Every structure is written in structure tokens, then in C-alpha cells.
Amino acid sequence: MKKFDRFILKSFIGPFIAILCVAVFVLVMQFIWVYVDELVGKGLGFGVILEFMMWGGCTILYLAIPLATLLSSMMVVGQMAENKELMAIKASGVSFGRVMLPLVGAALVISILAFFSGNNLAPKAFNEIMTLRQDIKSTKSEIKIPLGVFYDGIEGYVLRINEKKDNGTMTGVMVYDHTGNAGNTTLSIADSATIKMSSDKSYLIFSLFNGSNYQETNKIQYRDTNLRLERINFRKQELVIKLNNYSFEKSDSVRYGEDSRSMGINQLKQESDTLLRRIELAHPDAFKALSSDKLLRKANQLDTAMRSKSANWFHEDEFLHWRSSNDAKEAYSAAVRAANLYCTEITINCGRIDQSNFFLRLMKIGLFKKFAQALACLILFFIGAPLGALIKKGGLGVSAIVSVLFFMLYWVVDISGTKLANNGTITPALGIFISALVLGPIGWFLTKKAIEDSDIFSNMDSFKIMVRKLWSKIFRFFKPMRIVYMGTPEFAVAPLVRLIAHGYKIVGVVTVADKPSGRGLKMNESPVKQYAVAHGIPVLQPVKLKDPDFLKQLSAWKADLFVVVAFRMLPEEVWKMPHLGTFNLHAALLPQYRGAAPINWAVINGEKITGVTTFMIDHNIDTGGIIFRQECRIDPEDNAGDIHDKLMTAGSALVVQTVQSILEGTVELRTQRSFIQGSEVLKSAPKLTRETCRINWNSNTVTVHNLIRGLSPYPAAFTEIISGEEGASPIQMKIFRTEIGEPCDGCTPGTILSDGKTGIKIVTANGSLSVLELQLQGKKRMGVEEFLRGFRGIERYKCI
């Protein structure tokens, strides 16, 4: 070996080993973090933790070695290029290919070591660490008795202590002995106690001082029904409690030898051949079992040797002829049962074959991975070394960032290919080697450019120009986003207006069908339709959202995105249609107030804060991933109409923000569960019913006041009033606005108090409400003074 080669190898081996150790340490720490909940509180020895970390490090070598190869090769060659060493070597007549020659030899050695690590060390490590993890999980956590509560963490005993001093002494001790399974019949009470565990954690010594033992026989005999209670006082008493599984015990043998990840190449080949043979014999064995079943009356029909013109199976004298209709019915029922049994057997056999195919794929994946991991080291080297020469940067700066990006590309492609191979979507060979197929051409291209001494990365200005050209080509062919808007009420008009004002292309609107309303049964159009027609936007009004004609017309619009505001629940055929998805604007801060009437229920429940939420629609109602939320304050005198107007404005801006984020590709969905804080209780917003709108005057004042606010102006809370006259009929009265009044001593809830000129008070369970606006059945809405001028004697009425 020449001095030049030794110089190159020394420059590479040191950083490779250092980076490998760092990568292993980082990955082991991440590995430990995943399983930290299973390790803490078990009283494990330092040796057990070290063993767990050692085997964990061995299991992640398949990731650490490729990463170290990529990063070290890029750092070493980049450092040489940055320090002009590479330029001096080339000036002396040595090509870059000759510089890489010793590094290629080192990469081949690393690939071979990676292969033997994956074939010999990794299976052993996986088997050991999974067995060790199972042993740790079976070890119980250390005993920590909380203060002031009954602790049942010790099998057969329940303990309670009031206080624990710094010297370890506990006071106010109670010990229930349940080892006899007779309930709370044995109790020890002591002023103080100490606790000590044996060195091998096999038993617990509980020393009690100055107390009493209580024991009740708790047995009733045939003639003697008395219960006996024994009390024994003591100054000191030692209670020895046997413990099980509190000390770590390592298993003598491993238990995961049948997993494909714990097998070497020879065992994987053997298992694959066994499974392949089983699959080949599955069809003949199933056919033989079915054809010999007694349920098949004419079994010889399945034998081609028995088929002939003389063997006419279906023209026997008694075939398909029955004495009565009951016999025929019974025969057909038996035939159906036999056919169902055959179908069941076939389904079971298919399931067995599918299971065998699944295990066969796992074995092949494990087999190919042994070679793919070694190949990955070589390919990543041919990416790292040329890239270092091209970017002319070493150290842990640019080279480290670029290395991590390429490694992430390799890792994502490898994981995706493995999952697809597991599912049977692609072959195991393609799934495992797809990362090589993706990164191999990149390595070839970079190596070629490095040997040719290309300057593709040396001039950053040219790189920026190239990026700008790429973006200009993308925007040149970029088409405006096509949006279909779905909504019905006035609340949905404002977001539609805002989208059009911001230049978005609304290709169509979907709203409810026109319905007759009013005394003249005049056809009533939704506010969204009125606005769409006025602005020349095509409108669809399906009666059923699954109607094939509607789906065909909707698909013809070729929308990129559906925007839904105050519309019906969409079937999957609709919301899955656009490739960018379908999002909905909900008038509440999800996950709170899912349902049809979130504005009303937020006010009814006396909330101080509400808001609007945009979320992606999924199979359930208002449960999709959240995009944005915007809060809105509810003032003390706001009613549902006021909040409706506030949220309509806030929701319009939020819809535009959501569409813009989807267009830019910056949307990050968050699960609704992540917005639930601690023990927060989710409140629903079901559809409002007539019973919901009825006022119960036996409720407290604030509850009734909030109900009236939450239902005003529509559908409005109502009550029924009736006079004290005999035979009088109740009159419905809607109440739109109230003020909280003073309590009325001695008045029953529902009592109406009035001076007949300026005001009306209605008594509640703990106070009264001053009515400010109301409406009698068949009359218009009016203020209380106007009402009193036309309605005399209101104080003679009572709310029911």
C-alpha cells in the first residue's frame, strides 16, 4: 500500500469511527426514550440497563453504518476540497478517481461488515433485547405508598399512612390483610411504623409500633349466629409480606426465534422453502378434502375419468323429484347449507394461503434486507464522497445538513418500500431494493460530475438562477384552483363573497333544493343560491347527494377543492372527489360543540369564548383534522343572532386563509384530541327541538336567561301563560330579551309580576327575569311597554 493510499484511509477511518459512535449513541438514546416508561421505577441494576443499551445499539447498526459512511465520506472529501488539498493532488496529475480508489476499498469492507452485522449480530441482538424487554415488563414497579389514600399495590394487602417523616418513619398506619379472602375482617392499626425490603426483594418487613390488631370471624353457623371480634394490643409487631416479581429475573432462553428479524440467511431460506412448499400443496389438499366430503352427493362429477355420456348424473328417475313440497323445501335447504359449508371451507383455505403468503413475504423481506443494507452503504458512499468534492465544504456544517437530507430520503424510501412489500402491493425484492433504485442513479450522476470536475455547486448564483427557472416553469403551467362551494343559509354567503373578492375561481355552487314556504306556498330560494344566480355562478340543487346524475354533474366541474359552510353531511362519494380534499367551516371551537346548532348551544351554556374552525371532512360528523381556529368573545348581553354575525365575519376570513394555505401546501392538520386540555368535558350541539325551546321556570335565573339569549332571535324560547279563569286556554308567548332581576320572596316559579305599564317580571327558582321583548302567538314581536298598552291584566296570568 502506497503512502498516498494510507494517507487517504487514515483521513477517512478516524472520522468514520467517531461518527459511527455518535450515530449509535444518538440512536440508542432515541431507542431508550421510546422504552423509558418500561425501564423506570423497576429498580433495575446498572448492568441490566447497560445490557439493554448494548443490544439496542446492535439492533440499530443497520441505520448507523450507512449514515456514518455517508457523512464521513462527505466530510473527509469536502474537507480536502475546502483546504485545497484535493486541488493540489489533481495538480500533481492524480485524478479524482484515483483519490477515491482507497476509499472505495474501505467502503467495500464496510459493506461486508454491514452484511455480517445484519446476518449474524442483528438477529442475535433482536432476540436478546426482545426477551430482555419482556423480562423487564414482567417486573413490577417499586413500592411507593402515597399519603392519605388506601394503597393496594401489594398483593393481598391494603395500606394507608397519614404522614412520612424524613427518617423513614410513618405515622397513622392502617394495614388490611386480605390474604384470607374474607373481606375487611383483619385490620392492624399503629401509631407509627417502618418498612424495609429484603435484599433480594422477595419479602417486605413491616414493623408496627404501639397499635392494635382487630380480627372478626365473620362466619355465621347454623346454630350460632354470633360474630366474634378479637382485639390484641401490641407495642411492636413485625409483619412479613411475601413479594412476587419485584426483583428482575432474566430468562434462561430467548423466545423470539421464530421472528424473521431474528433469523440468519440460512434459516430464512429454510423457512421460505417450507412456506413455499406449504403454499404449493394447499390447493391440491383443499381440493382433495372438498371432493371427498360426504356433502357432495355426486362426488365423481369432479373426476374427469368418470365423465362420459353413459354417466348421466342428472337424469336419474328419482333425481330432483320429491313426494311433497315440504320434501322439496327440505332438500333445497340442505343443498344451501351444504353450499354454505363449502364456501366456508374455501374461505378458510384462502385465509390460510394468504397467511402463508404473508409469512413468506416477511421471510423474503428479511432475506433481501441482509444484502440491501450492505448495498446501501456502498451507494451512500458514492453519493457522499463526490458530493463533498462538488460542494467543497467539510466539517459538521453544510456537509452534515446535506448528508442528513440524503439519508432521510434513503430512510423514507426504504420504509415505504418495506411497507408496500409487507402488504403485498409490490414484490419483496422491489420493496427492499427500491431505495437502491432511487439513490443509485443519484450516486452515478454525482460521481460522474466529480470525476469530470464539474462546477455545478461551486457557483451559488447559478444555482439560484436554476431554481428560479424551475419555479418559473411550474408557474407557467400552473392553473387557477377550481373551487366548488357548498352552503345554504345567510351565514354561508359571506365566505363565498370573500372568496370571490380575493380572486378565487368558484366553478359552481351546491345548495339545497327550493322549497315552498309561507301562506302562499311560494318557492323559497336559499340565500347562497340567490347570490350565485345574481353573479352567474352555476348552481346544483340535489335532493339526494348520492344521486348518480348529481355526482356526474359535480364531477364534470373538475374541482380541485370543495369548501363547505353550513351544509348537509356529505357522503364519501362527494367529499373524496377533489384531489385537494374537502374542508368545512364550523361555527365553534372544535372539538367542542360538534353538531347542527353550535352557536345556540354555546350561548345557552353560558360560554365566554366561542369561535370558528376549519377542518378536513372525514367519515364522521365534525371530527376531521383541524386546519385553523379563530376565537370570538361572547359578551354578557350577546344573543345567538349577535354571535352569528360575529362568527360570519370571522369565518369568512378564516375560509380565505385556509384556501390560501392549501394552495401553498403549508397546511398542517392537527387531531382534535390534541386540543382537549386535561379533564375537559366535550359538549355537543344537537339539533334544536321544541322541548329545547320551552322555558322551565323552575330552573335558576342565569340558566333561563342564557336559554333565552341562545335562542334569540330564532327559533326563540317560549313559555305558555294561562289566566286563573276557569276553562281558560294557554297562550304561547315567545321571549327574546330579558334582564336579570331581584329575587321575589314567597313567589312560586312562573309567577308574573307587572305594574301594567312599564315592565313584566317572571319569577324563577332563585330570582326573577325582567322581560324586555316578547311576542304573543299570532302577534308581532314588540317591546314590553308596547305590549302592555295592548294587553291588560297580565299580572292575572301565570307561566306554565
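Residues numbered from 1 in each chain as written. Predicted model: local features only at pLDDT ≥ 70, side-chain atom pairs only at ≥ 80, totals over all residues. Heavy atoms only, no water.

J.: Please clarify how the sheet that holds strand E15 (residues 609–616) should be interpreted in this entry.
T.: Strand pairing in a sheet is mediated by backbone hydrogen bonds. Such pairs are either parallel or antiparallel. Spatially, the 7 strands line up as an open sheet ordered E11-E8-E7-E12-E13-E15-E16, and their pairing is mixed. Among the strands making up the open sheet, the edge pair consists of strand E11 (539–540) and strand E16 (626–633). Contacting strand E7 (482–487), strand E12 (561–565), strand E13 (582–586), E15 and E16, helix H17 (residues 640–664) runs over the sheet at an angle of about 155° to E16. (Pairing = 2+ DSSP bridges. Helix = DSSP H or I, 4+ residues; strand = E, 2+ residues; numbered from the N terminus. Contact = heavy atoms within 4.5 Å. Axes fitted to C-alpha atoms, helices over the stretch in contact; angles between N-to-C directions.)

J.: Mind showing me how you'd approach the packing of helix H4 (residues 61–82) against helix H8 (residues 325–391) here?
T.: Any two packed helices are characterised by how steeply their axes cross, that is the angle between the axes, and by the distance between the axes. Taken N-terminus to C-terminus, the directions of H4 and H8 make an angle of 20°; their axes are 7 Å apart at the nearest point. Classified by the angle their axes make, H4 and H8 are roughly parallel. For H4 against H8, the interelement crossing comes out right-handed. Residues Tyr62, Ile65, Pro66, Thr69, Leu70, Ser73, Met74, Val77, Gly78 and Ala81 of H4 form the contact with H8, whose participating residues are Gln373, Cys377, Leu380, Phe381, Ile383, Gly384, Ala385, Leu387, Gly388, Ala389 and Ile391. Broken down by class, the residue content of the contact of H4 with H8 amounts to 15 nonpolar, 6 polar and no charged. (Parallel < 35°, antiparallel > 145°, perpendicular 65-115°, else oblique. Left-handed = near helix turned anticlockwise from the far one by under 90°. Nonpolar A, V, L, I, M, F, W, Y, C, P; charged D, E, K, R; others polar.)

J.: Is there a simple way to think about unusual backbone geometry in this case?
T.: With glycine set apart, most residues show a phi of negative sign, and most peptide bonds adopt trans. A cis amide bond, omega 5°, links serine 712 with the succeeding residue proline 713. Checked against the element boundaries, proline 713 lands in the loop between helix H19 (701–710) and strand E18 (717–723). Residue proline 715 is bonded to the preceding tyrosine 714 through a cis peptide linkage, with omega at 0°. Within the secondary structure, proline 715 is located in the loop between H19 and E18. One non-glycine residue, lysine 84, adopts positive backbone phi at about 65°. The topology assignment puts lysine 84 in the loop between H4 and helix H5 (85–91).

J.: Where do I start with the packing of aromatic side chains in this structure?
T.: Describing an aromatic ring pair means giving the distance of the ring centres and the angle of the ring planes. Across all of its chains, the model carries 10 aromatic pairs by this definition. On the numbers, 6.0 Å between centres and 55° between planes, the contact of phenylalanine 368 with phenylalanine 433 is tilted. Note that phenylalanine 368 is positioned in helix H8 and phenylalanine 433 in helix H10 (residues 428–451), a separation of 65 residues in sequence. By relative accessible area, which is 22% here, phenylalanine 368 ends up partly exposed. Ring centres of phenylalanine 787 and phenylalanine 791 lie 5.1 Å apart, and the angle between their planes is 15°; on these two criteria the pair is classed as stacked. You'll find phenylalanine 787 and phenylalanine 791 in the same group, each marked buried. Among the aromatic side chains, those forming a connected cluster through ring pairs are Phe115, Phe116 and Phe371. Just above the ring of phenylalanine 675 sits the side chain of arginine 670; from NZ or CZ to the centre is 4.3 Å. (Phe/Tyr/Trp six-rings, centres within 6.5 Å; stacked < 30°, edge-to-face > 60°. Buried < 20%, exposed > 50% of the residue type's maximum accessible area, 1.4 Å probe, protein only. Lys NZ or Arg CZ within 6 Å of the ring centre and 35° of its normal.)

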